[in-house]
Amino acid sequence: MASGQLYETPVEPAPAQFEFVRRTPSPQLAGIVTELIGFRELVPVYARQAEVASLHVPLIISFGEAFAIGLSRAPRDNDRFASFAAGIHAGPVIIDSYGRSCCIQVNFTPLGARRFFGLPMSELADRMVPLDELLAARGRELRERLGEETDWHRRLDIAESFIAQRLTNAASPQSEVGWALERIMTSGGRSRIAAIATEIGWSRKHLAIRFADQVGVGPKAIARIVRFNRAASLAKQANRSGWADLAAECGYADQAHLVREFRALAGATPTGLG
């Protein structure tokens, strides 16, 4: 007869799927880098993920299998990228991995990326550019050095040191562009671009040209992404009121406008993204 006690069969813990190390950069890189990440897949299983539009400019330094990446679409067979940088894209990024990736990811701010790479950010916008094209021999040396190291923290130390050294003689971004970008971000993407241009003393056209060089895309596109990210963050909060109220709070014309922007920038509806 059963004693009334409950016995649980021991369950073996599931094997780890990946290694993941995240670091906030040193104060020396404040405003340049937002985050450094070490990542390695441990199980050879296919996986797909979708990243929403953001203001991060990632640099990927790979020691493993390439990713398949598509901008606002599923990647195709020839969309393989190993070590590369990607500029701002106003849409979702679809990433396929196959269980053998191993890399470091450095997330730059737009203006930080402009300083680090030393080229117009419009050359990175809406595309992935191989590391060899961006940093030539220095990039190959960095990848080899990181690949020879086995400790994630030492790898991240090497990456931070490389970035800091490269920034030593890098030109600073135009202060007007930095001010305009900050205004857009602090307003949640609701500041009028014409008003910002007027305050700087530039025309809207000149502001758009300078943004293309320093940031990669125009101020209107940046405002869209900032507004969307604020809405996506608020949508995840508990006890939210209806979508129409969220749309109004974030500066959308109505709920239908909100949904269209979520589909365009995340590839999903507000409920689907959550």
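Anyway, here's the lowdown on the structure attached to this text. Just so you know, these numbers come straight off a predicted model, no measurement behind them. (Residues numbered from 1 in each chain as written. Predicted model: local features only at pLDDT ≥ 70, side-chain atom pairs only at ≥ 80, totals over all residues. Heavy atoms only, no water.)

## Focus: the overall build of the chain
Let me state the cut-off plainly: Note on conventions: DSSP H or I runs of at least 4 residues are helices, E runs of at least 2 residues are strands, and numbering of each starts at the N terminus. Burial classes follow relative accessibility: with a 1.4 Å probe on protein chains only, a residue under 20% of its type's maximum area counts as buried, one over 50% as exposed, and anything between as partly exposed. Whether two residues are in contact is decided by their heavy atoms, any of which lying within 4.5 Å being enough. Method for areas: the Shrake-Rupley scheme with a 1.4 Å probe, in which residue coverage is limited to the protein chains shown. The charged-residue count follows a simple rule in which Lys and Arg add positive charge and Asp and Glu add negative charge, with His and chain termini not counted at all. Just so you know, the charge point we use is NZ for Lys, CZ for Arg, CG for Asp and CD for Glu.
Per the secondary structure count, the chain includes 10 helices and 10 strands. Counting only C-alpha atoms and orienting by the principal axes, one finds that the chain spans roughly 85 × 55 × 40 Å. The burial tally for the chain puts 45% of its 274 residues in the buried class. Long-range contacts, defined as pairs at least 24 residues apart, comprise 70% of the intrachain contacts of the chain with a sequence gap of at least 6. A total of about 14500 Å² of accessible surface is found on the chain, and carbon and sulfur atoms cover 50% of it. Here the chain carries 32 positive and 29 negative side-chain charges, and the mean point of each set is 7 Å from the other.

## Things to note about the packing of aromatic side chains
The test is simple: Note on aromatic contacts: the rings of Phe and Tyr and the six-membered ring of Trp form a pair at centre separations within 6.5 Å, being stacked when their planes are under 30 degrees apart, edge-to-face when over 60 apart, and tilted otherwise.
Scanning all chains against the criterion turns up 10 aromatic pairs. Plain terms: the ring middles of F18 and F39 are 5.6 Å apart, the flat faces sit at 40 degrees to each other, and that makes the pair tilted. Placement of the pair is F18 in strand β1 (residues 18–23) and F39 in strand β2 (residues 33–41), with a sequence separation of 21 residues. F18 sits in the partly exposed class, given a relative accessible area of 46%. Given the relative accessible area of 18%, F39 is considered buried.

## Comments concerning the sheet that holds strand β5 (residues 67–71)
Note the threshold: Any two strands between which DSSP finds at least two bridges are classified as paired.
The strand order across the open sheet formed by four strands is β3-β8-β5-β6, and the pairing between neighbours is antiparallel. Each having just a single partner strand, β3 (47–51) and β6 (80–81) make up the two edges of the open sheet. Of the pairings in the sheet, the one linking β3 to strand β8 (residues 93–97) comprises five bridges and is antiparallel in character. Each bridged residue has a counterpart across the sheet, and for R48 the counterpart in β8 is D96.

## Some details on the side chain of D213
Relative to the elements of secondary structure, D213 occurs in helix α6 (residues 204–214). Look at D213 and you get buried, because its relative accessible area is 15%. In this view, D213 contacts R114, L119, P120 and M121; residues no more than four positions away in its chain are not counted.

## What to know about the pattern of salt bridges
To be explicit about the condition: A carboxyl oxygen of Asp or Glu within 4 Å of a side-chain nitrogen of Lys or Arg is what we treat as a salt bridge.
One pass over the full model with this rule turns up 13 salt bridges. A salt bridge links D132 to R143; its shortest N-O distance comes to 3.5 Å. Taking relative accessible area as the criterion, R143 reaches 23% and is therefore assigned partly exposed. Of the charged contacts, one joins R154 and E149 as a salt bridge, the two residues approaching to 3.1 Å between their closest N and O atoms. Overlapping salt bridges bring together R23, D157 and E160 as one network.

## Some remarks on the sheet that holds β1
Keep this limit in mind: Axis definition: a line fit to C-alpha positions, over the contact stretch in the case of helices; interaxial angles, taken between N-to-C directions, run 0 to 180 degrees.
Strand order in the open sheet formed by six strands is β1-β2-β9-β4-β7-β10, with antiparallel pairing between adjacent strands. Strand pairing shows two members of the sheet lacking a second neighbour, β1 and β10 (128–130), which therefore form its edges. Mean inter-strand twist for the sheet, computed between neighbouring axes without regard to direction, equals 20 degrees. Two elements, strand β4 (residues 57–62) and strand β7 (residues 84–86), share two bridges in a ladder whose sense is antiparallel. Note on β7: the bridge partner recorded for I60 is F84. Against the sheet, helix α2 (residues 131–148) contacts β4, β7, β9 (102–108) and β10, and its axis sits at roughly 65 degrees relative to β10.

## Considering the environment of I225
Residue position: I225 is located in helix α7 (residues 219–235). Taking relative accessible area as the criterion, I225 reaches 0% and is therefore assigned buried. Taking the C-alpha atoms as reference points, I225 and L246, 21 residues apart in sequence, are found 16 Å from one another.

## With respect to helix α3 (residues 152–166)
How we decide: In this scheme, a helix's expected span is set at 1.5 Å multiplied by one less than its residue total. We call two N or O atoms a polar contact when they sit within 3.5 Å, provided that within protein one can donate a hydrogen and the other can accept it, with sequence-adjacent residues counted only if both atoms are side-chain atoms.
The first and last C-alpha atoms of α3 sit 21 Å apart over 15 residues, in line with the 21 Å expected at 1.5 Å per residue. Within α3, burial applies to W152, R155, L156, I158, A159, E160, F162, I163 and A164. The inward-facing, buried residues of α3 contact β1, β2, β9, α1 (110–117) and α2. Residue D151 occupies the N-cap position of α3, its side-chain oxygen lying 3.0 Å from the main-chain nitrogen of H153.

## Quick notes on the packing of α2 against α3
The condition that has to hold: Throughout, the term roughly parallel applies to angles under 35 degrees, roughly antiparallel to angles over 145, roughly perpendicular to angles from 65 to 115, and oblique to all others. Left-handed describes a crossing in which the near helix is turned anticlockwise from the far one by less than a right angle; the clockwise case is right-handed.
Viewed as axis vectors pointing N to C, α2 and α3 meet at an angle of 160 degrees, and their least axial separation amounts to 10 Å. In terms of axis orientation, α2 runs roughly antiparallel to α3. The two elements α2 and α3 cross, and the hand of that crossing is right-handed. Each of L134, L135, R138, L142, R145, L146 and G147 in α2 lies in contact with α3, whose residues at this interface are R155, I158, A159, F162, Q165 and R166.

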